[in-house]
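# Survey of secondary and tertiary structure
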Amino acid sequence: MDPQSLRITPSTQPDSTNKSIAETVNSFGVHDTFRYGPKSIATDILPKHPLEHRLKHWEETQTNLKFTLERRIYGIHAPVRQLMERSIVSRVQRAPILPSSNLSLEVLMGKDETIDFEDFLNVPELSTDMMDMHASMEHKLGIKL
């Protein structure tokens, strides 16, 4: 997609239909059936539903439109500043085991005024995974004993 376009909605069809098993391979170099389901030639070749493609690329298209309009109205510094602020606030997080809402990033992206399914279905307190604080910090910092 052209980052300079004024497209309001994503296109109905994907730009290319190149398929590769590189996204679904496991450590042995073969298709991982347990994670990605049985491999089917029909699902690889046939195009997906146009609405699925639009929904997948909706947020990206809206962001590109917003940045293009800001650049045309205020100059190149406006989208660059927005991207810089987003990258700064996305780096600030708590320890890996503690829940972090990253509210400042939601405010910058304008998601603080909407309720999506991630807001109530992705609650870390309801998770059944118990993580070790020390192991998670070693993984984050790349320390291996």
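This text goes with the structure placed above it.
It should be emphasised that the depicted structure is a prediction, and the values quoted were computed from it without experimental measurement.

Rules and cut-offs
- Residues numbered from 1 in each chain as written.
- Predicted model: local features only at pLDDT ≥ 70, side-chain atom pairs only at ≥ 80, totals over all residues.
- Heavy atoms only, no water.
- Helix = DSSP H or I, 4+ residues; strand = E, 2+ residues; numbered from the N terminus.
- Buried < 20%, exposed > 50% of the residue type's maximum accessible area, 1.4 Å probe, protein only.
- Areas by Shrake-Rupley, 256 points an atom, 1.4 Å probe, with all protein chains shown as cover.
- Salt bridge = Lys/Arg side-chain N within 4 Å of Asp/Glu carboxyl O.
- Axes fitted to C-alpha atoms, helices over the stretch in contact; angles between N-to-C directions.
- Parallel < 35°, antiparallel > 145°, perpendicular 65-115°, else oblique.
- Contact = heavy atoms within 4.5 Å.
- Nonpolar A, V, L, I, M, F, W, Y, C, P; charged D, E, K, R; others polar.
- Expected span 1.5 Å × (residues − 1).
- Arc of directions from axis to C-beta.
- Polar contact = N/O pair within 3.5 Å; in protein donor to acceptor, adjacent residues only side chain to side chain.

### Some thoughts on the overall build of the protein
Across its full length, the protein holds eight helices and zero strands. Counted from the first residue to the last, the protein has its helices and strands arranged as α-α-α-α-α-α-α-α. Within the protein, the fraction of its 145 residues that count as buried is 14%. Working note: accessible area of the protein is about 12,100 Å², and carbon and sulfur atoms make up 60% of it.

### Observations concerning the pattern of salt bridges
Charged atoms that come close allow side chains of opposite charge to pair. Throughout the structure, instances matching the rule amount to two salt bridges. Here glutamate 59 ties to lysine 111 by a salt bridge, and the two come within 3.0 Å at their closest N and O atoms. One end of the pair, glutamate 59, is in helix H4 (residues 58-74); the other, lysine 111, is in the loop between helix H6 (103-109) and helix H7 (117-121), and 52 residues separate them in sequence. A relative accessible area of 39% places glutamate 59 in the partly exposed class. With a relative accessible area of 31%, lysine 111 lands in the partly exposed category. With a closest N to O distance of 3.0 Å, arginine 81 and glutamate 85 form a salt bridge. In this pair, arginine 81 and glutamate 85 are both assigned in helix H5 (residues 77-91), four residues apart and thus about one turn of the helix distant. Note on glutamate 85: relative accessible area 22%, which makes it partly exposed.

### Description of the packing of H4 against H5
The geometry of H4 relative to H5 is characterised by a closest axis approach of 7 Å and an angle of 135 degrees between their N-to-C directions. The orientation of H4 with respect to H5, classified from their angle, is oblique. Of the residues in H5, those in contact with Thr63, Lys66, Phe67, Glu70, Arg71 and Tyr74 of H4 are His77, Ala78, Pro79, Gln82, Leu83 and Arg86. A class-by-class count of the residues in the contact of H4 with H5 yields five nonpolar, three polar and four charged.

### Topic: H5
Given a rise of 1.5 Å per residue, 15 residues ought to cover 21 Å, and the 21 Å separating the end C-alpha atoms of H5 matches this to within 8%. Listing the buried residues of H5 in full gives Ala78, Pro79, Gln82, Arg86 and Val89. The arc enclosing the buried residues of H5, seen along the axis, measures out at 100 degrees, which places them on a common side. The exposed residues of H5 that point more than 90 degrees off its buried face are His77, Arg81 and Arg91. Contact partners of the buried residues in H5: H4 and H6.

### Describing the side chain of threonine 68
One can find threonine 68 in helix H4. A distance of 2.7 Å separates a polar atom in the side chain of threonine 68 from the backbone oxygen of asparagine 64.

### Topic: the environment of leucine 65
Mapping leucine 65 onto the fold places it in helix H4. Look at leucine 65 and you get buried, because its relative accessible area is 14%. In sequence terms leucine 65 and serine 5 are 60 residues apart; their C-alpha atoms lie 6.9 Å from each other. In this view, leucine 65 contacts Leu6, Arg7 and Ile8; residues no more than four positions away in its chain are not counted.

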